[in-house]
Amino acid sequence: MFEPVIAAYESRPAECREYDHRAAAVARQIASLIYDHLPQVLAEHVGSTAVPGCAGKGTVDLMIPVPDGEMENVKGLLDRLGFQRQTNRDPFPEDRPMRLGAWDYDGATFLLHIHVIPADSPEVEEVRFFRACLRADAELLKIYVARKQEIIASGVTDSLDYCHAKGKFIKEVLG
């Protein structure tokens, strides 16, 4: 057994801040931490912080594509590491959970979202595809950041409302 190392998640108002290159190092550290305890799964850096130059909330998102039969092991490990369940008004279901946490790195506290997704779910490839599109297409990246800035400028400060609003753009790209 080990002591939890993930700090408590603190809900923050939605914002669109400049890309922080330190997020990639945070993602590597968290992915390594998970791998050290459960090497049969690999956490991947996804979301805006996985795309150099992409402004966003600054939350470090990782996706764990979970092989069949490993869901409970992954959730148990994340619990032991100190990740927390969502307590917002619309949490992900436990058959496709998201865990929350925080990690201190280089003088800053980075919020963490760990998306635990069955490996055979189409969502895994959709997340990878969207990340690849943003990395490969500077114009698409510019449009996406502008859309996020518009959402914030419209007065949206609730993180969940922000995610739903930008989700429409993502669905258009994936469609």
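Use the structure listed above.
Keep in mind that this is a model prediction, so the values were computed, not measured.

## With respect to the environment of Leu160
- Structurally, Leu160 can be placed in helix H5 (residues 159–174).
- When neighbours within four sequence positions are excluded, Leu160 is seen to be in contact with Asn88, Arg89 and Asp90.

## Points about the packing of aromatic side chains
- Within this structure, the stated rule accounts for two aromatic pairs.
- Relative to Tyr144, the ring of Phe130 has its centre 5.2 Å away and its plane inclined at 90°; by these criteria the two rings are edge-to-face. Separated by 14 residues along the polypeptide, Phe130 in helix H3 (residues 122–136) and Tyr144 in helix H4 (residues 138–153) bring together distant segments of the chain. In terms of burial, Phe130 and Tyr144 fall into one category: buried.
- On the basis of an interplanar angle of 20° and a centroid distance of 5.2 Å, the ring pair of Tyr144 and Phe169 is categorised as stacked. Of the two residues, Tyr144 sits in helix H4 while Phe169 sits in helix H5, which places them 25 residues apart along the sequence.
- Ring pairing ties together the aromatic residues Phe130, Tyr144 and Phe169, which thus form one cluster.

## Quick word on the sheet that holds strand E4 (residues 98–105)
- Taken in spatial order, the five strands line up as E1-E2-E5-E4-E3 in an open sheet, and their pairing is mixed. The open sheet has two edge strands with one neighbour each: strand E1 (44–46) and strand E3 (84–85).
- Pairing of E3 with E4, which is carried by two bridges, proceeds in the antiparallel orientation. Of the residues in E4, the one forming a bridge with Gln84 is Leu100.
- Sitting on the sheet, helix H1 (residues 22–37) touches E1, strand E2 (60–66), E4 and strand E5 (108–118), and the angle it makes with E4 is about 120°.

## Looking at the side chain of Asp61
- By secondary structure assignment, the location of Asp61 is in strand E2.
- Lacking a salt bridge, the buried Asp61 has Lys166 as its closest oppositely charged neighbour, with an N-O distance of 6.0 Å.
- Sequence-distant contacts of Asp61, defined by excluding residues within four places in its chain, comprise Glu44, His45, Val46, Gly47, Thr49, His113 and His115.

## Focus on the packing of H4 against H5
- Two elements in contact, H4 and H5, have axes separated by 10 Å at closest approach and are oriented at 155°. In terms of orientation, H4 and H5 fall into the roughly antiparallel class. You can see that H4 and H5 cross each other, and the crossing is right-handed. Of the residues in H5, those in contact with Leu140, Ile143, Tyr144, Arg147, Lys148, Ile151 and Ile152 of H4 are Tyr162, Ala165, Lys166, Phe169, Ile170 and Val173.

## Topic: the pattern of salt bridges
- The full count for this structure, using the stated rule, is 16 salt bridges.
- Of the charged contacts in the structure, one is a salt bridge between Glu94 and Arg85, with a shortest N-O distance of 3.8 Å.
- Classification of Glu94 by relative accessible area gives partly exposed; the value is 29%.
- Arg128 is the partner of Glu125 in a salt bridge, and the nearest nitrogen-oxygen pair spans 2.6 Å.

The rules behind these values
Residues numbered from 1 in each chain as written. Predicted model: local features only at pLDDT ≥ 70, side-chain atom pairs only at ≥ 80, totals over all residues. Heavy atoms only, no water. Helix = DSSP H or I, 4+ residues; strand = E, 2+ residues; numbered from the N terminus. Contact = heavy atoms within 4.5 Å. Phe/Tyr/Trp six-rings, centres within 6.5 Å; stacked < 30°, edge-to-face > 60°. Buried < 20%, exposed > 50% of the residue type's maximum accessible area, 1.4 Å probe, protein only. Pairing = 2+ DSSP bridges. Axes fitted to C-alpha atoms, helices over the stretch in contact; angles between N-to-C directions. Lys, Arg positive; Asp, Glu negative; His and termini not counted. Salt bridge = Lys/Arg side-chain N within 4 Å of Asp/Glu carboxyl O. Parallel < 35°, antiparallel > 145°, perpendicular 65-115°, else oblique. Left-handed = near helix turned anticlockwise from the far one by under 90°.

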